[in-house]
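Close look at the chain arrangement
Spelled out, the chains give:
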Amino acid sequence: MSATAQKTFTWGTGRRKTAVARVRIKDGTGQFIVNGLDAKEYFPLEVWLTDIHAPLKATEMTERVDVFVNVDGSGKSSQSGAVVMGLARALKAHRTDLDQALRDGGYLTRDARMVERKKFGHKKARKSFQFSKR
């Protein structure tokens, strides 16, 4: 990639559970590519599509930027959450005046919920083996 091509892209990283999304945006026509596929192909459920387009709609940038995403880890639902955060961070870096709209929508807030680890002496994180008094 040349030095001029690097300056045209704005980057943002989003995380959710163990999913990591690296989002690049540039001025364009509204193209949305996820892992080399169109967003509708990669996220077939309408809920996921609505989620990933939400930061663009909140800032009215839907038809003004092209979005390129590399996402891996976890499942599709968590990946869509990671894309939302990465896209919001990229939009904020692209234009700082969009910060308040993104904050009001909650797109810049990291969801800290993670899977609780399994504990020693238990079947799972909280479930214990059956207790017998006698």
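Remember, it's a predicted structure, so these values are computed and weren't measured experimentally. Every residue gets a number counted from 1 within its own chain, in the order that chain's sequence is written. A pLDDT threshold of at least 70 governs which residues receive local features in this predicted model, and a stricter bar of 80 or more applies before side-chain atom pairs are shown or counted, although totals over entire chains, interfaces and linings include all residues. Side-chain numbers here rest on the full set of heavy atoms in the structure, without hydrogens or water.

This part takes up the sheet that holds strand 4 (residues 37-38). One open sheet accounts for five strands, arranged 1-2-5-3-4; its pairing is mixed. Looking at the sheet topology across the chains shown, the edges are occupied by strand 1 (10-16) and strand 4. A pair of strands is labelled paired if DSSP reports no fewer than 2 bridges between them. Labels follow the DSSP assignment, with helices taken as runs of H or I lasting at least four residues and strands as runs of E lasting at least two, numbered in each case from the N terminus. Of the pairings in the sheet, the one linking strand 2 (residues 19-27) to strand 5 (residues 65-72) comprises eight bridges and is antiparallel in character. Its bridge partner being in strand 5, Ile 25 is matched across the sheet by Val 67.

Now for the pattern of salt bridges. Any carboxyl oxygen of Asp or Glu within 4 Å of a side-chain nitrogen of Lys or Arg constitutes a salt bridge here. One pass over the structure, following the stated rule, counts seven salt bridges. Here Asp 99 ties to Arg 103 by a salt bridge, and the two come within 3.4 Å at their closest N and O atoms. Here Asp 99 pairs with Arg 103, and both are found in helix 5 (residues 99-105), just four residues apart, close to one helical turn. The partner of Arg 113 in a salt bridge is Asp 111, and the shortest N-O contact between them spans 2.8 Å. Here's how the labels work: a residue is buried when its accessible area is under 20% of the maximum for its type, exposed when over 50%, partly exposed in between, all with a 1.4 Å probe on protein chains only. Looking at Arg 113, the relative accessible area reads 57%, which means it is exposed. Ionic contacts of the salt-bridge type, sharing partners, join the residues Arg 16, Asp 111 and Arg 113 into one network.

A word on the environment of Val 69. Examined against the element boundaries, Val 69 turns out to sit in strand 5. Relative accessible area serves as the criterion here: at 2%, Val 69 is assigned to the buried category. Here the alpha-carbon distance between Val 69 and Lys 123, two residues 54 residues apart in the chain, equals 38 Å. Not counting the four nearest positions on each side in its chain, Val 69 is found in contact with Ala 21, Arg 22, Val 23, Phe 32, Ile 33, Val 34, Asn 35 and Val 83. Working rule for contacts: check all heavy atoms of both residues, and any pair within 4.5 Å makes them a contact.

On to the packing of aromatic side chains, then. Only Phe, Tyr and Trp rings take part, Trp by its six-membered ring, and two of them pair if their centres are within 6.5 Å. Stacked means planes under 30 degrees apart, edge-to-face means over 60, and tilted covers everything else. Enumeration according to the criterion identifies three aromatic pairs in this entry. Both rings, one in Tyr 42 and one in Phe 43, keep their centres 5.0 Å apart while their planes meet at 90°; by these two values the pair is edge-to-face. Summarising the aromatic geometry, the rings of Phe 43 and Trp 48 are spaced 6.3 Å apart at their centres and angled 70° between planes, so their arrangement reads as edge-to-face. Classification of Phe 43 as buried rests on a relative accessible area of 0%. Aromatic ring contacts, followed pair by pair, group Tyr 42, Phe 43 and Trp 48 into a single cluster. Of note, Lys 76 hangs over the ring of Tyr 42, and the distance from its end group to the ring centre comes to 3.6 Å. Note on criteria: charge over ring means Lys NZ or Arg CZ within 6 Å of the ring centre, with the direction from the centre no more than 35 degrees off the ring normal. If you follow Lys 76 out to its NZ or CZ, it ends over the ring of Phe 43, 6.0 Å from the centre.

Now for the pairing of strand 5. Of all the eight residues making up strand 5, six are buried; the element is thus mostly covered by neighbouring parts of the structure. Note: strand 3 (residues 32-34) against strand 5, three bridges, orientation parallel. Note on strand 5: the bridge partner recorded for Phe 32 is Val 67.

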